[in-house]
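Summary of structural features
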Amino acid sequence: MKCEQIAELLPDYLEGSLAPDQLRDVEAHLEQCADCSEEVALWKKLSLLPVEQPSTASRVRFEAMLQAYQAGRSNQPAGNPEWKKRASTASVFHWLRSPLGAAAWSAALLAIGIFTGLRLAGPKPPSPDMAAIQSELTNMKQLVVLSMLQQQSASARLEGVTWSTRDQHLDPQVLSALLHTLRYDPSVDVRLAALDALSRHSAQPQVRSSVVNALQEQQSPLVQVALIDQLVEWHDREAKPHLEKLRQSPDLNPTVRQRADWAIGKLN
Amino acid sequence: MLQVRDGAGEMLGVLFDRYQTPLFNFYSKLTGDRTLSEDLVQEVFLRILKYRQSYRPGTPFRAWIYQIARNARIDHFRKFPRERVFEPEMLPPVIPADSAQEQQEVELLQRALALLPEDKREILLLCRFQELKYEEIAELLGCQLNTVRTRIHRALQELRKSFHQLTQGTALKRANSAAPGNISPRGGCREV
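Residues numbered from 1 in each chain as written. Chains lettered and ligands numbered in written order. Predicted model: local features only at pLDDT ≥ 70, side-chain atom pairs only at ≥ 80, totals over all residues. Heavy atoms only, no water.

Description of the overall build of chain A
Worth spelling out the cut-off: The helix and strand labels rest on DSSP assignments: H or I over at least four residues marks a helix, E over at least two residues marks a strand, and numbering proceeds from the N terminus. Only protein chains enter the accessibility calculation, which uses a 1.4 Å probe; a residue is then buried when its area is under 20% of its type maximum, exposed when over 50%, and partly exposed in between. For every accessible area listed, the method is Shrake-Rupley and the probe measures 1.4 Å; residues are considered covered only by the protein chains on display.
Counting secondary structure elements, chain A contains 15 helices and zero strands. Residues classed as buried in chain A amount to 40% of the 268 residues present. Accessible surface, chain A: about 14,900 Å² in total, of which carbon and sulfur atoms supply 57%.

Here's the deal with the nonpolar core
For clarity, the cut-off: We call a set of buried Ala, Val, Leu, Ile, Met, Phe, Trp, Tyr and Cys residues a nonpolar core when their side-chain atoms join them within 4.5 Å. Two residues form a contact once any of their heavy atoms are found within 4.5 Å.
Among the nonpolar cores identified, the biggest contains 114 residues, and Phe45(B), Ile48(B) and Leu159(B) are the most heavily contacted of them. For this core, the leading source of residues is helix H1 (residues 2-31) of chain B, giving eleven residues. For Phe45(B), the contacting residues outside a window of four places in its chain are Phe62(A), Met65(A), Leu12(B), Leu15(B), Phe16(B), Tyr19(B), Gln20(B) and Leu23(B).

Here we look at empty space enclosed by the protein
All names here are of chain A. We count it as follows: The way it works is a 1 Å grid over only the protein atoms, where trapped points that fit a 1.4 Å probe form a cavity and open points with protein on both sides within 12 Å along at least five of seven lines form a pocket, and then any residue with an atom within 4 Å of a point lines it. Grid points are joined across faces, edges and corners, and a volume is the space filled by probe spheres set on the points. Only Asp, Glu, Lys and Arg are considered charged, only Ala, Val, Leu, Ile, Met, Phe, Trp, Tyr, Cys and Pro nonpolar, and every remaining residue, Gly among them, polar.
Going through the model one piece at a time under the given rule, you end up with four cavities of 30 Å³ or more. If you add up the space inside the second largest cavity, you get close to 80 Å³. Lining the second largest cavity, in full, are Thr138, Lys141, Gln142, Val145, Trp163, Ser164, Asp167, His169, Leu170, Asp171 and Val174. Sort the elements by how many residues they give to the lining of the second largest cavity and helix H8 (residues 128-148) lands first, with four residues. Residues that form the lining of the second largest cavity fall into these classes: four nonpolar, four polar and three charged.

Re the interface of chain A and chain B
The line we're drawing: Buried surface area refers to the total accessible area, computed with a probe of radius 1.4 Å, that the two partners give up upon joining, counted for both partners together. A pairing counts as a salt bridge when a side-chain nitrogen of Lys or Arg comes within 4 Å of a carboxyl oxygen of Asp or Glu. By the criterion applied in these results, polar contacts are pairs of N or O atoms within 3.5 Å in which, for protein atoms, one can donate a hydrogen and the other can accept it, and in which residues neighboring in sequence qualify only through two side-chain atoms.
Contact residues are listed per partner, giving 64 residues for chain A and 67 residues for chain B. Each partner contributes to the roughly 6,600 Å² buried at the junction of chain A and chain B, and carbon and sulfur atoms together form 65% of this total. With a closest N to O distance of 3.1 Å, Arg160(B) and Glu39(A) form a salt bridge. In this structure, the connection of chain A to chain B is made through 22 residue pairs in polar contact (both at pLDDT 80 or more). Counting residues per element, the ones that place at least two in the side of chain A that touches chain B are helix H1 (3-15), helix H3 (34-46), helix H4 (57-74), helix H6 (89-97), helix H7 (99-121), H8 and helix H9 (154-164) of chain A. In terms of residue count, the dominant contributor to the side of chain A that touches chain B is H8(A) (13 residues). Classifying every residue of the side of chain A that touches chain B gives 31 nonpolar, 17 polar and 16 charged.

Next up, the structure:
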């Protein structure tokens, strides 16, 4: 093979997604061609580049930015839009670092404190501001859960599932992400956690039907048993035919079959 | 209300903890400027707050966040045209020949990366250092998967060339410093 032909395959080789025969071709070429093998070596070395750490002040600035943003949101009618338009974010950050900025910050935080204190002192009907912030919060939670469920590490996805349980109400997008996790996540632990999170929302018909459907697709005995237990807990009589079907699968784990028999008895 | 504020903060905080270092490294390796990189990371999180409705569930989240990161950088350089370009001289000098070979190679690689045109440096950082999948990069750059593959390969070819120049330059430098009274000029590593 020539370098030009290898060039087409090299990126997939580097990603480790080549078919075995193509892999053999590329490896044979790399043994002969110094240039191509040097490129592969450099690619590997790129992962050795040191990870630089941002300064510790970065987190403090982030907190300040967050408070400024939220204070800005809740005081929006009083804000001066002209000023906002002119000040770029970068220049605001520079300003925040100056002593004058720091003093202004203290004043602003004090004002927020007083404002909050007054709000908390007297119970008032929820204001439109409050509703806006509430909906922002919900949005943020969704974003965090949805992003976590896409992480590569299983522990991060677990964390995402845990986040989803913090809310009483489950947003439809988060719900469908959790259902997807239950069915397709490669990690058994994450699938079990997703089932646990979903079990709190059995009132939603979609949840029950998905758990029943997941029963047929699961290969892991642990998850299968957990699903069966969940259906028994819900006294879901409609699940009975599905359990019957499951117990007839030829290569079913004996423990799971036993559990399915037990569940069918319970649901009678 | 305070509780609500803390709640939203806590949540963005989770994203901040997860992404601040990768984003910081993306910027610092791209621009060679730590202060600017920190500013841009803050800007990214402000934009996440502002534009989070623009995230379409089901699409790769990392592609979205790096889209924001790229736009933040482009907007910054539009407002404040570059005073300086990324010069390899801004990196720490190459350690003398007696230090560990691997260390030296990594530093040469850093310099070689800095010599690449920005778009080539960026695509290598995205796939190798930020560990984005080719599909995510295609989504991010708005191009075909095959284009991503071609661009990665071209960037790698160019990296090899500039790495080669640098290693030859260093060998030359070493030979020069071995000769008494012969001081090699700064930037001599680029002479081939």
